[in-house]
Amino acid sequence: MPGDETTRDRARWIAGFAAGLLAALAGAGVGHLVAALLNPAASPVLAVGDQVIDLTPTPVKVWAVRELGSADKPILIGSVLAVTLILAGVAGVIARRRFGAGLVLLLVLVGLAGAAAVLQPAAGPLDILPAAATAVVGAAMLAFLTRAASTARGGGGRRAFLLASAGTALLAAAAGGAGQWIVRAKDSVADLVLPRPAEPLPAQPTGLEGRYDVTPLVTPNEDFYRVDINLTVPVVDVEGWTLTIDGDVEQEVSLTFEELAGMEVVERDITMTCVSNEVGGNLLGGARWLGVPLSAVLERAGIDGTGADQVLSTSDDGFTLSTPLDVALDRTLVVFGMNGEPLPREHGFPVRLVTPGVYGYVGSTKWLTRLTLTTFEEEAAYWTERQWAETAPIKLSSRIDTPKGLEPVDAGETVIAGVAWAQPHGVAKVEVRIDGGEWQQARLGPEVNASYWRQWYLPWEAESGNHDVAVRATDSRGEVQTDERATPFPSGSSGIQQIVVRVA
Ligand SMILES: Nc1nc2c(c(=O)[nH]1)N[C@H]1C(S)=C(S)[C@@H](COP(=O)(O)O)O[C@H]1N2
Ligand SMILES: [Mo]
């Protein structure tokens, strides 16, 4: 009967698709486990994702960071995974008719992952092994499941196929899970002992966050915004880590972590911001950083006679960033501690730069390994090569945290609150304008220092209806935040934030 034919066809398609998909998952799981033992970045899925990021055109990258924030990477990994698994399913369907052709498609997919792994800048010859393991396991499971599916005639056979599939899924989950577990267990961040600052800072003042719904004065490490071009967080081992200072210096030197931590250590409270932060955006945070002034570190190599005008810093994965030498000598810190803890991996473990007053891409290199004294004429860094400004001071700005735009608010006594920042001069005044009226002066939270953001609030008797609420800051020199709109490219956004508040 034709109807029967179609049902059987469909069942065959589904079984084939499942076989391909599960074979790929089992292969990827085992590949991930092998990578965990050798080099997590060589894991097939992650390696493909990293190459995709590298090949993504800059405007798309900028868009992704802006629109998706830190979700850009999980979304990218998810998409790469989804497409690969669909193609693996197709390979399984083909394999039911012509095993050789299906196998070839599966191996091409694994081959691409292997190529991605060995093409990484820091790749070694062993980085092909996770993909090789994926290929062997994927091919074996495809053969096993295809055979199981083709003998699956009638109830008993079908049960055997389901059992084989479940076993394969279990293998995938167990291997992948074990791999993840090993990656975590290898993590040495928690073991790092931080040196003490020569002159500890007093504790930060109590912020307004206990009283109002405003961003905390100190951003907890796990809530600190993250912006970088890395799909997976680089895992740098502090044991083998060194910081090399070269270029136009008297003598090239390399410091171990112990040598760096043995220098005179300072603490600084600094608010960091990303150039991609839109007016009213979330790409900033305030923390207490522990480290050594960059000027002292450069002195180790001798820079008195240098003709350099920039410090080109390189991170473990080859990413570069350039800081004008005068800015770097004045205030860049070589940092290993963040809010009393070793730097989290996401924020540059074991050592990064933090430079107050300029956007992150100008002076805050994560996973730092090299400092090169050179000139802007000779060398360009990752983002400056892509036409972002060479020097980008953080623009005076302010943000409304509460109420949220379009969030309903009860009529009556309420509070408008937020943060403002005006590095390096400090916030002197924050004003709020309601429905285009007079600018009203808000009250300021405790001052930490001029490079740190400032909380503010304004009590408000809210009447029913929709209200426009705008905010602007003034720095200690009397400069008022401009209402002139600028996009983040090439040197940071400007303008004032205005939201619509709905009062019930
Ligand atoms: N190695 C490396 N360092 C980097 C980046 C990067 O992509 N790679 N991004 C920079 C940018 S654009 C910013 S805004 C800050 C963000 O630091 P955070 O993620 O710790 O907040 O790191 C900077 N340092
Ligand atoms: Mo940034």
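Scoring rules and cut-offs
- Residues numbered from 1 in each chain as written.
- Chains lettered and ligands numbered in written order.
- Predicted model: local features only at pLDDT ≥ 70, side-chain atom pairs only at ≥ 80, totals over all residues.
- Heavy atoms only, no water.
- Helix = DSSP H or I, 4+ residues; strand = E, 2+ residues; numbered from the N terminus.
- Buried < 20%, exposed > 50% of the residue type's maximum accessible area, 1.4 Å probe, protein only.
- Contact = heavy atoms within 4.5 Å.
- Areas by Shrake-Rupley, 256 points an atom, 1.4 Å probe, with all protein chains shown as cover.
- Lys, Arg positive; Asp, Glu negative; His and termini not counted.
- Charge placed at Lys NZ, Arg CZ, Asp CG, Glu CD.
- Pairing = 2+ DSSP bridges.
- Axes fitted to C-alpha atoms, helices over the stretch in contact; angles between N-to-C directions.
- Parallel < 35°, antiparallel > 145°, perpendicular 65-115°, else oblique.
- Left-handed = near helix turned anticlockwise from the far one by under 90°.
- Nonpolar A, V, L, I, M, F, W, Y, C, P; charged D, E, K, R; others polar.
- Near = heavy atom within 4 Å.
- Polar contact = N/O pair within 3.5 Å; in protein donor to acceptor, adjacent residues only side chain to side chain.
- Patch = residues over 30% accessible without salt bridge, like charges linked within 9 Å, V, L, I, M, F, W, Y side chains within 5 Å.
- Salt bridge = Lys/Arg side-chain N within 4 Å of Asp/Glu carboxyl O.
- Phe/Tyr/Trp six-rings, centres within 6.5 Å; stacked < 30°, edge-to-face > 60°.

**Student:** An account of the overall build of the protein is requested, with residue identities and associated values reported.
**Tutor:** A tally of helices and strands in the protein yields eleven helices and 19 strands. Counting only C-alpha atoms, the protein reaches 85 × 70 × 40 Å along its principal axes. Counting over 504 residues, the protein shows a buried share of 52%. Counted over contacts in the protein with a minimum sequence separation of 6, partners at least 24 positions apart contribute 73%. Summed over its atoms, the accessible surface of the protein is roughly 23100 Å², and 56% of this surface lies on carbon and sulfur atoms. One way to put it: in the protein the 38 positive side-chain charges average out to a point 13 Å from where the 57 negative ones average out.

**Student:** I'd like a description of the sheet that holds strand E17 (residues 454-462), backed by residues and values.
**Tutor:** Read from one edge to the other, the open sheet built from four strands follows the order E11-E13-E17-E16, with strand pairing classed as antiparallel. Strands with a single pairing partner mark the edges of an open sheet, and in this sheet they are strand E11 (397-402) and strand E16 (443-444). Of the strand pairs in this sheet, E16 and E17 are connected by two bridges, and their pairing is antiparallel. When the sheet's bridge partners are listed, leucine 444 is paired in E17 with tryptophan 456.

**Student:** How would you summarise the packing of helix H5 (residues 99-118) against helix H6 (residues 129-150) if you had to cite specific residues and measurements?
**Tutor:** Interaxial distance between H5 and H6 falls to 9 Å at its minimum, and their mutual angle equals 160°. Classified by the angle between their axes, H5 and H6 sit roughly antiparallel to one another. Viewed along their axes, H5 and H6 form a crossing whose handedness is right-handed. In this structure, H5 uses Phe99, Gly102, Leu103, Leu106, Leu107, Val110 and Gly114 to contact H6, whose residues at the interface are Ala131, Thr134, Ala135, Gly138, Ala139, Leu142, Ala143 and Thr146. Its residues assigned to classes, the contact of H5 with H6 comprises ten nonpolar, five polar and no charged.

**Student:** Help me get a handle on the site of ligand 1, residues and values and all.
**Tutor:** Neighbouring ligand 1 are 19 residues; Tyr225, Ile229, His347, Arg352 and Lys366 lie closest to it. Within the side chain of arginine 352, an N or O atom sits 2.7 Å from an oxygen atom of ligand 1. Taking 530 Å² as the accessible area of ligand 1 by itself, protein coverage stands at 98%. Of the residues contributing to the shell around ligand 1, the split by class is ten nonpolar, five polar and four charged.

**Student:** Any chance you could break down a negative patch on the surface for me, citing the residues and the numbers?
**Tutor:** Taken together, the side chains of Asp248, Asp309, Asp326, Glu377, Glu378, Glu379 and Glu390 define an acidic patch exposed on the protein surface. Tracing the chain through its elements places aspartate 309 in the loop between helix H9 (294-299) and strand E5 (310-315).

**Student:** Explain the sheet that holds strand E18 (residues 465-475) to me, using residue names and the numbers behind them.
**Tutor:** If you trace the five strands from one edge of the open sheet to the other, you get E12-E19-E18-E14-E15, paired in mixed fashion. The sheet is open, and its two edges are formed by strand E12 (408-409) and strand E15 (439-441), each paired on a single side. Bridging between E12 and strand E19 (residues 497-503) involves two bridges; their strand directions are parallel. Within E19, the residue paired with valine 409 across the bridge is valine 503.

**Student:** Pulling in residues and values, what's your account of the packing of aromatic side chains?
**Tutor:** Evaluated as defined, the whole model comprises ten aromatic pairs. An angle of 25° between the planes, with centres 5.4 Å apart, marks the rings of phenylalanine 224 and tyrosine 225 as stacked. Their ring planes at 85° and their centres at 5.0 Å tell us that tryptophan 388 and phenylalanine 489 sit as a pair that is edge-to-face. Highlighted residues: tryptophan 388 in the loop between strand E10 (368-374) and E11 and phenylalanine 489 in the loop between E18 and E19, separated in sequence by 101 residues. By relative accessible area, which is 6% here, tryptophan 388 ends up buried.

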